[in-house]
Structure formats: C-alpha cells, structure tokens
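# Descriptive analysis of the structure
Here's the letter readout for the chains.
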Amino acid sequence: MLLLLLLQVSASCLWLAGSEVVTSFESSCPQFFFRETPPNEALQPENPAWICQHYKNQYYFATLYDRNRRIPVYSAYLYQPGPGTRPKTWLVEPQLMSPTYPKTMERERTLLNYFSVSLEQLSESQAILKDYKNLTGLNRGHLNPSSHHPDSSSRTATFTLTNIVPQNEKLNGGAWNNYEQQTMTRRTQGCNTTYVVVGAVPGNNYIAKGRVNKPSHIWSSACCEVDTNHRKAWAVIAENDKNEVQLLTLGELEDVLTQLYGRDQVSLFHRDCPRE
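Rules and cut-offs
Residues numbered from 1 in each chain as written. Predicted model: local features only at pLDDT ≥ 70, side-chain atom pairs only at ≥ 80, totals over all residues. Heavy atoms only, no water. Pairing = 2+ DSSP bridges. Helix = DSSP H or I, 4+ residues; strand = E, 2+ residues; numbered from the N terminus. UniProt positions renumbered as here; feature names shortened; annotations may be inferred. Disulfide = S-S within 2.5 Å. Buried < 20%, exposed > 50% of the residue type's maximum accessible area, 1.4 Å probe, protein only.

- By the naming in an unreviewed UniProt entry, the protein goes by ENDD1 protein and is assigned to Spizaetus tyrannus.

## Remarks on the pairing of strand β11 (residues 230-239)
- Across 10 bridges, strand β10 (residues 217-227) lies against β11 in antiparallel orientation. By the bridge assignment for β11, Cys224 is matched with Lys232.
- Between the antiparallel neighbours β10 and β11 lie two residues.
- Pairing of β11 with strand β12 (residues 246-248) involves three bridges; the strand directions are antiparallel. Counterpart to Ala235 in the pairing with β12 is Leu248.

## Notes on the UniProt feature "domain: ENPP1-3/EXOG-like endonuclease/phosphodiesterase" (unreviewed entry) in the protein
- Under the feature "domain: ENPP1-3/EXOG-like endonuclease/phosphodiesterase" (unreviewed entry), the UniProt entry names residues 58-268.
- Taken end to end, residues 58-268 has its terminal C-alpha atoms 24 Å apart, with 24% of it in helix and 31% in strand.

## A closer look at the state of the cysteines
- Summed over all chains, the structure comprises three disulfides.
- For Cys29, the disulfide goes to Cys52, at an S-S distance of 2.1 Å. Between Cys29 and Cys52, the disulfide has an S-S torsion of -85 degrees and is therefore left-handed. Separated by 23 residues along the polypeptide, Cys29 in the loop between α2 (25-28) and β2 (48-55) and Cys52 in strand β2 bring together distant segments of the chain.
- Look at Cys29 and you get buried, because its relative accessible area is 0%.
- According to the relative accessible area criterion, Cys52 is buried, its value standing at 0%.
- Between the sulfur atoms of Cys223 and its disulfide mate Cys273 the distance is 2.1 Å. As the torsion about the S-S bond is roughly 130 degrees, the Cys223-Cys273 disulfide counts as right-handed.

Now the structure itself:
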C-alpha cells in the first residue's frame, strides 16, 4: 500500500515538468518563432524529433533534436532575461523512447525507479548524464541558456540534456558567454520582442565512445521586433575548438550554414526579418 502511494505521489510530481515530442512546431508550439515560422528543412537531420519543452504546464521553448547524433539541431525561444539562480538538476526526455511514456522531462533516476526503464533503454534514444562525465576540454553547453529566462521555472526547463551539446570549455565560458551576457544585452536595447534560434552544426568527432556528436560550430541568430513596422536582426557563429565568436548579419549566417550543411538554402526566420 505504501509503495502504491509513493508511486501515485511520484507520478503527480512528474506531470509538473513536461515536454512533448510532436509532429510539427507550427501546430504545437509556434509562439517561439517569429511569425510562427520555424527554420526550413535545410537543417533537418535524418532522424529528427520535434520537442515542445515545458515545465509546470507551460511551454518555454522548442528544440529540434537529432536522435542519431544525440544532440539538438537548434533550440528556439524568446529572450526574456531576469535575475535568478542557475539550476543544478539535469533532466531527460522520456517521449524520445516512445510516445507511450509521459509528456515529461524528468530526472534519470525517476524514470529508472518508477517507470521500469533501464538506463540502456534510455541511452538508446538520447544522451544521458554518463555521456558528459570525465570530459577533457569540453563541457555541457546550453543552446538555450538559462540566463535568458526570467524565473526559476523557465530556467529549470533549459536544463534538459536535449538542449545541450559538447562545447569547448574555453568557448563556453569565454567568448560565447560574453555574447550571451553582454552582446545580447546591447543588441536587444529598444526591442519589444526578441526571437532567438540557437544551433549546432554536426561535426566529425564524438564523445562517449561514439554516442554523442561534438559539433563543429555553434551559432545563434536573433530577430527583434522594435515595433509593428520595424525589425532588426543579427547572428554569430563560432568554431567549437576556438574561443572566438564572429558577428554576422542574419543573411550571412544563413549563407554560412548553407555551405556547412551542403543542402538547400537555409532560412532561419520568416522573410520579414531583415537579412542585411
């Protein structure tokens, strides 16, 4: 009887934190994209998963996930920085295993203890904490950073392994951090709403015995609505083995990504966002 009660309490807690694997962002969580228009299919991996990330019954951002490489392709969110502490708990995505699992992001140990999930089963569908242990020169780099969100719940939602990549530790704590904390603050002055899409270009190297891809580049793009009739945009890209960030126009980044992916022309935002 006590075990049943504990299971019921645990299940009720799980539903507070959620993310959902969906069929498209346009129909499920379009609010994180300018004009409700996600990036085009030029970035889409061979085995994609569209995740609407939410916590305590509220969506906070969207992530296109590469199931084969076990890294996000990009995360899209609204830039709304605020004071607060950095969360410490890392979460995973049960629905990447199967849609029969709850629409939740949750701790590994909760899935192992209460949903009869093995670590092997979980690891087949996504990166796990073990993959990011004992790294040399790399750490867990957020695409959607917790500091770009206004409160505890929204910041906690960014601490899912579906939102991070193996990132050069000097870049993550140096030039990239300067972009996230300083350049974004300057660039968003006068903005009413700022839409952000941050991504990673798959590389040729892997960590965790070939399980998790190490991106060759990390990039970020923003489209800011100053008012109804005025918008501005900017972008950056960084090689994932150097502590340098290159500032670009949105159009320049799209052209660079088109070359790096070698597919169709990349489009990150609706055409009304300026490319120059």
